[in-house]
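Descriptive analysis of the structure
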Amino acid sequence: MKLEILPVNYPKAKIDDESKLAFGRQFTDRMFIMEFDRKLGWHSARIQPYGPLSLDPAATVLHYSQEIFEGLKAFRRVDGSLALFRPRDNISRFNRSATRMCMPEVDEDFLLDSLLELIRLEADWVPKSEGTSLYIRPTMIASEAFLGVRPADQYLCYIILSPVGAYYSGGIAPVKIWISDNYVRAAHGGTGEAKTGGNYAASLMAAKEAAEKGYDQVLWLDASEKKYVEEVGSMNMFFLYDDKIITSPLKGTVLHGITRRSALKLLQNMGYQIEERALSVDEVMEGAANGRLKEAFGTGTAVVISPVGSFCYKDHCIQLGDGEPGELTMKLYKELTDIQYGRQPDKYGWITAV
Ligand SMILES: *Cc1c(COP(=O)(O)O)cnc(C)c1O
């Protein structure tokens with residue numbers, strides 16, 4: 001397929017003060033978009049000026065949430081070059097999410113090449129200060145105008161870009177986590193493994209209640225027994241328990257995080273014994289109380305590594321250690337971001353030059 005490149009006649013003003021960059025509020029001058037229908041397959045791929053979509057009010061996505069997305073980042077490295085972190089992993093997960101939601105797969109090479117072209121055109125939008133990056137949001141929506149319930153026959157796939165500030169502009173702040181014993185995120189046979197908007201829509205109520213009580217994030221328990229910890233809103237969870245690393249296994253209800261996969265590799269190389277197993281909420285609360293649970297952190301593209309300061313369950317809160325980010329948590333954060341920003345060599349082949 002050919003990629004058409006349309007001119008941008010009215011470039012936007014960029015934010016000069018990079019300390020003012022928020023998450024996902026401003027977008028660059030261009031976007032990638034392509035269209036699908038059953039007859040032509042994917043077609044009309046182009047990079048065009050960023051702007052609103054024209055959608056029929058009956059479009060399937062607006063009624064039945066047939067939608068998927070991805071999240072990855074482009075980094076300005078210390079040598080000035082631009083790079084993506086494990087983009088092929090994101091694109092193949094995009095296709096797995098597509099399959100789960102009965103949406104058409106994309107050609108992985110074509111989407112990656114188009115993304116690289118888009119980043120090259122928007123290179124000036126990649127911020128320069130420490131910890132900043134260009135957040136990349138590939139999205140696919142069902143665009144067919146039809147109110148019947150079945151997989152749509154028409155889709156749009158697009159990529160938008162947003163310069164984002166350092167997540168931890170005020171230093172790495174440990175989060176206060178609420179373990180929900182009421183709401184659930186994903187059940188066996190559901191869509192927990194797909195990166196689909198509906199999972200997020202369903203999580204908003206719990207997040208709102210958590211925020212009202214003063215907590216930062218919700219940690220979900222398994223839907224059948226409400227006994228085992230699974231993951232946080234947009235992060236996989238890791239626990240340093242005694243001297244072992246414990247993280248939930250991927251058995252259909254937990255998202256296959258790419259930061260999770262990367263953290264596991266780095267932890268293995270540091271010599272940690274790793275247990276991918278169900279960890280009960282009782283073990284978490286007891287471990288936090290008796291000190292066997294030494295550190296806990298979340299992993300995700302947006303935050304990279306997020307230390308946990310305390311866990312709250314049934315309105316009972318226990319602080320982890322002294323409430324400060326753990327030593328291993330900080331070491332992992334440094335190792336991962338050193339690779340992303342090119343301060344350390346890319347031993348694992350995770351970096352794709354732009
Ligand atoms: C995106 C996401 C993550 C983190 O995945 P990464 O690939 O590490 O960014 C974790 N959990 C959920 C529910 C997610 O949507």
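Residues numbered from 1 in each chain as written. Predicted model: local features only at pLDDT ≥ 70, side-chain atom pairs only at ≥ 80, totals over all residues. Heavy atoms only, no water.

1. Considerations on the pattern of salt bridges
Two side chains carrying opposite charge are able to pair once their charged atoms lie near each other. The test is simple: The salt bridge criterion pairs a side-chain nitrogen of Lys or Arg with a carboxyl oxygen of Asp or Glu, the two atoms within 4 Å.
Under the defined criterion, the tally for this structure stands at 23 salt bridges. Residues D338 and R343 are paired through a salt bridge, measuring 2.6 Å at the closest nitrogen-oxygen approach. Through salt bridges that share partners, R38, E144, R150 and D153 make up one connected network.

2. Quick notes on the site of the ligand
Counted only if it meets this: We call a residue near a molecule or strand whenever a single non-hydrogen atom of that residue lies within 4 Å of it. Side-chain atoms alone can form a polar contact between residues adjacent in sequence; in general such a contact is a pair of N or O atoms within 3.5 Å, and within protein one must be able to donate a hydrogen while the other accepts it. Here, Shrake-Rupley sampling with a 1.4 Å probe gives the accessible areas, and only protein chains in the shown set may cover a residue. Buriedness for pockets is judged along seven lines, at least five of which must meet protein on both sides within 12 Å for an open set on the 1 Å grid over protein atoms alone, while cavities are sets there where a 1.4 Å probe fits but cannot get out, and lining residues have an atom within 4 Å of a point. Placement in a cavity or pocket follows one criterion, namely that more than half of the molecule's atoms lie within 2 Å of its grid points. Every helix listed is a DSSP run of H or I at least four residues long, and every strand listed is a run of E at least two residues long, numbered separately from the N terminus.
Taken together, 15 residues form the shell around the ligand, and within it K195, Y200, E231, T259 and T301 come nearest. One of the side-chain N or O atoms of K195 is found 2.7 Å from an oxygen atom in the ligand. T259 has a polar side-chain atom sitting 2.6 Å from an oxygen atom of the ligand. A total of 380 Å² of accessible area belongs to the ligand in isolation, and the protein chains cover 97% of it. Under a 2 Å grid-point criterion requiring more than half of the atoms, the pocket assigned to the ligand is the largest pocket. Looking at the shell around the ligand, the elements that each hand over two or more residues are β12 (235-241) and α5 (258-269).

3. A look at empty space enclosed by the protein
Put simply, the rule reads: Grid points are joined across faces, edges and corners, and a volume is the space filled by probe spheres set on the points. Amino acids outside the nonpolar list (Ala, Val, Leu, Ile, Met, Phe, Trp, Tyr, Cys, Pro) and the charged list (Asp, Glu, Lys, Arg) are all regarded as polar, and Gly is one of them.
Per the stated rule, a full pass over the model turns up two cavities of 30 Å³ or more. For the largest cavity, the calculated volume is near 100 Å³. For the largest cavity, the full set of lining residues is L72, K73, F75, F85, N90, I258, T259, G300, T301, V304 and Q340. For the lining of the largest cavity, the secondary-structure elements that each account for two or more residues are β5 (72-76) and α5. Top element by residues in the lining of the largest cavity is β5. It accounts for three residues. Along the lines of polarity and charge, the residues of the lining of the largest cavity split into five nonpolar, five polar and one charged.

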